[in-house]
Amino acid sequence: MPYHIHIESCKPDDALLREAAQAVIRGGIIIYPTETVYGIGALYSHDQALIRVFSCKGRDTSKPILLLIRDFNDLDMIAADVSEKALCLARACWPGPVTLLFKAAPNLSR
C-alpha cells in the first residue's frame, strides 16, 4: 500500500529518514528535491523498483536514468573507467550541483 513520508529539508527528523531508507531498501520509490527539479528515485540494485521508476516517469527502459551517489567514494560501485581527472573534479566539487557522466559498471542493472 503506498504511503507518504514528508521530511523537512531544513530540519530532517532522523526517525523519518530511517523509515524512508527502509522503504527504499524494501523496493519503494521516493520523490526528492535537487537544485533544479524533483527526482524520482529508487535503490539502484532493486530491479523491480527501477521498473516502477521508469513507469512513473513514462520513460522508455532503453533510455538510461541518472544515478545519484553520496560522494566520489561510491564511484567504484557504479562506474567503469573513471579517469584521474574525473576523480579530481569529483573530489573538488562534490557534494554540489556538478554532474559527471560515466560508463556504467558491468554489474549494474540494464
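Since the model is a prediction, treat every value here as computed from it, not as a measurement.

Draft legend 1. Structural detail: the overall build of the protein chain. Per the secondary structure count, the protein chain includes four helices and four strands. Overall, the C-alpha framework of the protein chain stretches about 45 × 35 × 25 Å when taken along its three principal axes. Evaluated residue by residue, the protein chain yields a buried proportion of 20% over its 110 residues. When contacts within the protein chain are restricted to residue pairs at least 6 apart in sequence, those whose partners lie at least 24 apart make up 28%. Of the roughly 8,700 Å² of accessible surface on the protein chain, 57% is carried by carbon and sulfur atoms. Of note, the protein chain has its 12 positive side-chain charges centred 5 Å away from the centre of its 12 negative side-chain charges.

Draft legend 2. Geometry of unusual backbone geometry. Of note, the bond from Trp94 into Pro95 is cis; its omega dihedral lies within 30 degrees of zero at -5°. Phi is positive for Asp81, which is not a glycine, with a value near 55°. Checked against the element boundaries, Asp81 lands in the loop between strand 3 (79-80) and helix 4 (84-93). With a relative accessible area of 66%, Asp81 lands in the exposed category.

Draft legend 3. Summary view of the pattern of salt bridges. Using the criterion set out here, one finds one salt bridge in the structure. Between Arg91 and Glu84 there is a salt bridge, with the nearest N and O atoms lying 3.7 Å from each other. Residue classification places Glu84 among the exposed residues on the basis of a relative accessible area of 54%.

Draft legend 4. Quick look at a nonpolar patch on the surface. There is a patch of nonpolar side chains on the surface, built from Leu66, Leu68 and Leu101 and spanning about 380 Å² of accessible area. Secondary-structure assignment places Leu66 in the loop between helix 2 (47-57) and helix 3 (75-78).

Draft legend 5. The nonpolar core, seen in detail. If you look at the biggest cluster of nonpolar residues, it comprises seven residues: Leu75, Ile78, Ala79, Leu87, Ala90, Trp94 and Leu108. Looking at this core, the elements that each hand over two or more residues are helix 3 and helix 4. Apart from the residues lying within four places of it in its own chain, the contact partners of Leu75 are Ile69, Val82, Leu87, Trp94 and Phe102.

Draft legend 6. Broad picture of the pairing of strand 2 (residues 38-41). Residue alternation in strand 2 divides its side chains into a buried set, Gly39 and Gly41, and an unburied set, Tyr38 and Ile40. Here strand 1 (residues 30-33) runs beside strand 2; their pairing, made up of four bridges, is antiparallel. When the sheet's bridge partners are listed, Ile30 is paired in strand 2 with Gly41.

Draft legend 7. Geometry of the environment of Tyr3. Of note, Tyr3 is situated in the segment before helix 1 (14-25). Look at Tyr3 and you get partly exposed, because its relative accessible area is 47%.

Draft legend 8. A look at helix 1. Under the 1.5 Å per step criterion, the end-to-end length of helix 1 is 16 Å for twelve residues, consistent within 8% with the ideal 16 Å. Within helix 1, burial applies to Ala20, Ala23 and Val24. For helix 1, the angular spread of buried residues about the axis comes to 100°, placing them on one side. Summarising the geometry of helix 1, the exposed residues directed more than 90 degrees from the buried face are Asp14 and Arg18. On its buried face, helix 1 is in contact with strand 1. Just downstream of helix 1, Gly27 is the residue with a positive phi angle, here 110°.

Rules used throughout
- Here the residue index of a chain counts from 1 through its sequence in written order.
- Selection of residues for local features in this predicted model requires a pLDDT of at least 70, selection of side-chain atom pairs for listing and counting requires 80 or more, and totals for whole chains, interfaces and linings are taken over all residues.
- The side-chain figures draw on all heavy atoms in the structure; neither hydrogens nor water molecules are used.
- To qualify as a helix, a DSSP run of H or I must reach at least 4 residues; to qualify as a strand, a run of E must reach at least 2; elements of each kind are numbered from the N terminus.
- Only protein chains enter the accessibility calculation, which uses a 1.4 Å probe; a residue is then buried when its area is under 20% of its type maximum, exposed when over 50%, and partly exposed in between.
- For this analysis, residues touch if any pair of their heavy atoms sits within 4.5 Å.
- All accessible areas in this document rest on Shrake-Rupley with a 1.4 Å probe, and a residue is counted as covered only by the protein chains that are shown.
- Counted as positive: Lys and Arg. Counted as negative: Asp and Glu, with His and the chain ends omitted from the count.
- Each charge is placed at NZ for Lys, CZ for Arg, CG for Asp and CD for Glu.
- Salt-bridge detection follows one rule: a side-chain nitrogen of Lys or Arg within 4 Å of a carboxyl oxygen of Asp or Glu.
- Patch membership needs two things, relative accessible area over 30% and no salt bridge, and members are linked within 9 Å if like-charged or within 5 Å if nonpolar (Val, Leu, Ile, Met, Phe, Trp, Tyr).
- Nine residue types can take part in a nonpolar core, namely buried Ala, Val, Leu, Ile, Met, Phe, Trp, Tyr and Cys, and a core is a set of them joined through side-chain atoms within 4.5 Å.
- At least two bridges found by DSSP between two strands are what make those strands a pair.
- One less than the number of residues in a helix, times 1.5 Å, gives the span that helix is expected to have.
- What the arc measures is the spread of directions leading from the helix axis to the C-beta atoms.

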